[in-house]
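Here is how the chains run, residue by residue.
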Amino acid sequence: MQKILDDIAAQMAAETDRGEVADYIPQLAHVDPNQFGIAVATPDGQVYAAGDASTLFSIQSISKVFTLTIALGKLGDALWTHVGREPSGDPFNSITILEYESGRPRNPFINAGAIAVVDAIMMGHEPKEILGEILQFVHFITDDDSIRFDHKVAASEMEHRDRNAALAHFMKAFGHLKHDVDKVLGVYFHQCSIAMSCQQLACAGRFLMSNGVNQHTGVSVINPQRSRRINSLMMMCGHYDGSGEFAYRVGLPGKSGVGGGILTIAPGKGSIAVWSPGLDPVGNSKLGLKALELLVQKTGWSVFSN
Ligand code: GLN
């Protein structure tokens, strides 16, 4: 595994076509695109890494996997009255199908869906309490208390919130959002601002490769059926309108973020985190996707291989 990751990191270092860094969040526009990291946590407790795997980056929409897990733990299947579970085929910040479907978001991974998930887990609590709960959950699944929010990134998103605010107000108009829009957005932007390295992110995904149990700590995070279902949602919806392409090229559940990270789960085999800040036109890490395609070719880990 170490040799595979070293080879992939060397190959990615030589790439010149690295995509575009997200600049609609000004704080992310400063990130150097010439970085690449990869880490794989395996069921025997090992964490393999190569490239810039210990550099912190903004996990952005990857955090939606963690808030979905919290929401399913708190609300169970009642969550699905607030949000659907079908792929959208639309960009992550699109408002169009929201209008067709009366303000109920298609799935928990597009922005509207993730905002609805935050609203559902708030349950009358103040943003501070929910943020504490989200961070505590991330500490619990990673077994690492050093992980923090990046308040500058969250503030930058709050300042440029018009698009997400439009989605939230639209949902509220249809009765799908209960709390104050700015309070919900404040929580949502902070969850997106969590800074993690590939090594930490690979550790965070361990419970999803082992039927909901973090084999490293021996603790059950979520029941096996929910773990399987979260993986299904990642496979179908984790890359927005690039989900079909990701399934075609990689064949594993994955969740991307505009910070350039991707968390990918090979059930029973590994939890993989890749990061390279340059994005493709649909907002997924360009080299991240390429690196995962290589990893799957070299390991045979696609869920469609045997
Ligand atoms: N925080 C980002 C946003 O709301 C998340 C988008 C993403 O990572 N795709 O626009």
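Refer to the structure presented above.
The structure reproduced in this document is the subject of the present report. The structure presented is a predicted model; accordingly, all values stated were derived computationally and were not measured.

In a regular helix each residue adds 1.5 Å, so twelve residues correspond to 16 Å; helix 1 (residues 2–13) covers 16 Å between its end C-alpha atoms and thus fits that length. When we look at burial in helix 1, the residues that qualify are Ile4, Leu5, Ile8, Ala9 and Met12. Down the axis of helix 1, the sector holding all buried residues measures 130°, keeping them to one side. Along helix 1, exposed side chains directed more than 90 degrees from the buried face belong to Lys3, Ala10 and Ala13. Its buried side turned inward, helix 1 meets strand 1 (37–41), strand 2 (47–51) and helix 13 (286–299).

The strands making up a sheet are joined through hydrogen bonds of the backbone, oriented either antiparallel or parallel. Sheet architecture is open: five strands sit in the order 2-1-9-8-7, paired in antiparallel fashion. Unpaired on one side and paired on the other, strand 2 and strand 7 (254–256) mark the two borders of the sheet. Adjacent strand axes in the sheet meet at a mean angle of 10°, parallel and antiparallel pairs treated alike. With six bridges joining them, strand 8 (residues 261–266) and strand 9 (residues 270–275) adopt antiparallel strand pairing. Within the sheet, the bridge partner assigned to Thr264 lies in strand 9 and is Ile272. Across the face of the sheet, helix 1 comes into contact with strand 1 and strand 2 while running at roughly 20° to strand 2.

Let's shift gears to the site of the ligand. Taken together, Tyr24, Gln60, Ser61, Phe92, Asn111, Glu157, Asn164, Tyr188, Cys192, Tyr240, Gly257 and Val258 are the residues near the ligand. Between Tyr240 and the ligand, the recorded distance is 3.0 Å, taken from a side-chain N or O atom to a nitrogen atom. The fraction of the free accessible surface of the ligand (290 Å²) that becomes covered by protein chains is 99%. The pocket occupied by the ligand, as judged from atoms lying within 2 Å of grid points, is the largest cavity. Looking at the shell around the ligand residue by residue, the classes come out as six nonpolar, five polar and one charged.

Going through the model one piece at a time under the given rule, you end up with two cavities of 30 Å³ or more. When its volume is computed, the largest cavity comes out at roughly 50 Å³. Tyr24, Gln60, Ser61, Phe92, Asn111, Glu157, Asn164, Tyr188, Cys192 and Val258 together form the lining of the largest cavity. Its residues assigned to classes, the lining of the largest cavity shows five nonpolar, four polar and one charged. The computed volume of the second largest cavity comes to approximately 40 Å³. What lines the second largest cavity is simply Thr42, Pro43, Gly45, Arg206, Met209, Ser210, Asn214, Gln215 and His216. Partitioned by chemical class, the residues of the lining of the second largest cavity number two nonpolar, six polar and one charged.

Proximity of charged atoms lets side chains of opposite charge pair with each other. This structure, assessed with the given rule, holds nine salt bridges. Residues Glu15 and Lys290 are paired through a salt bridge, measuring 3.3 Å at the closest nitrogen-oxygen approach. One end of the pair, Glu15, is in the loop between helix 1 and strand 1; the other, Lys290, is in helix 13, and 275 residues separate them in sequence. With a shortest N-O distance of 3.6 Å, Arg249 and Glu245 are connected by a salt bridge. With Arg249 and Glu245 both in helix 12 (residues 243–249) and four residues apart, the pair spans about one turn of that helix. The class for Arg249 is partly exposed, based on a relative accessible area of 25%.

This next bit is on the pairing of strand 1. Burial runs high along strand 1: five of the five residues are buried. When strand 1 meets strand 2, the two strands line up antiparallel, connected through five bridges. Its bridge partner being in strand 2, Gly37 is matched across the sheet by Gly51. Hairpin connection between strand 1 and strand 2: a loop of five residues separates the two successive antiparallel strands, and Gly45 in this loop has a positive phi of roughly 95°. Pairing analysis gives five bridges linking strand 1 to strand 9, with the strands arranged antiparallel. Residue pairing across strands places Val40 opposite Ile272, the latter belonging to strand 9.

Definitions and cut-offs
- Residues numbered from 1 in each chain as written.
- Predicted model: local features only at pLDDT ≥ 70, side-chain atom pairs only at ≥ 80, totals over all residues.
- Heavy atoms only, no water.
- Helix = DSSP H or I, 4+ residues; strand = E, 2+ residues; numbered from the N terminus.
- Expected span 1.5 Å × (residues − 1).
- Buried < 20%, exposed > 50% of the residue type's maximum accessible area, 1.4 Å probe, protein only.
- Arc of directions from axis to C-beta.
- Contact = heavy atoms within 4.5 Å.
- Pairing = 2+ DSSP bridges.
- Axes fitted to C-alpha atoms, helices over the stretch in contact; angles between N-to-C directions.
- Near = heavy atom within 4 Å.
- Polar contact = N/O pair within 3.5 Å; in protein donor to acceptor, adjacent residues only side chain to side chain.
- Areas by Shrake-Rupley, 256 points an atom, 1.4 Å probe, with all protein chains shown as cover.
- 1 Å grid on protein atoms, 1.4 Å probe; cavity = no way out; pocket = protein on both sides within 12 Å on 5 of 7 lines; lining within 4 Å.
- Sits in = over half its atoms within 2 Å of the grid points.
- Nonpolar A, V, L, I, M, F, W, Y, C, P; charged D, E, K, R; others polar.
- Points joined across faces, edges and corners; volume = space filled by probe spheres on them.
- Salt bridge = Lys/Arg side-chain N within 4 Å of Asp/Glu carboxyl O.

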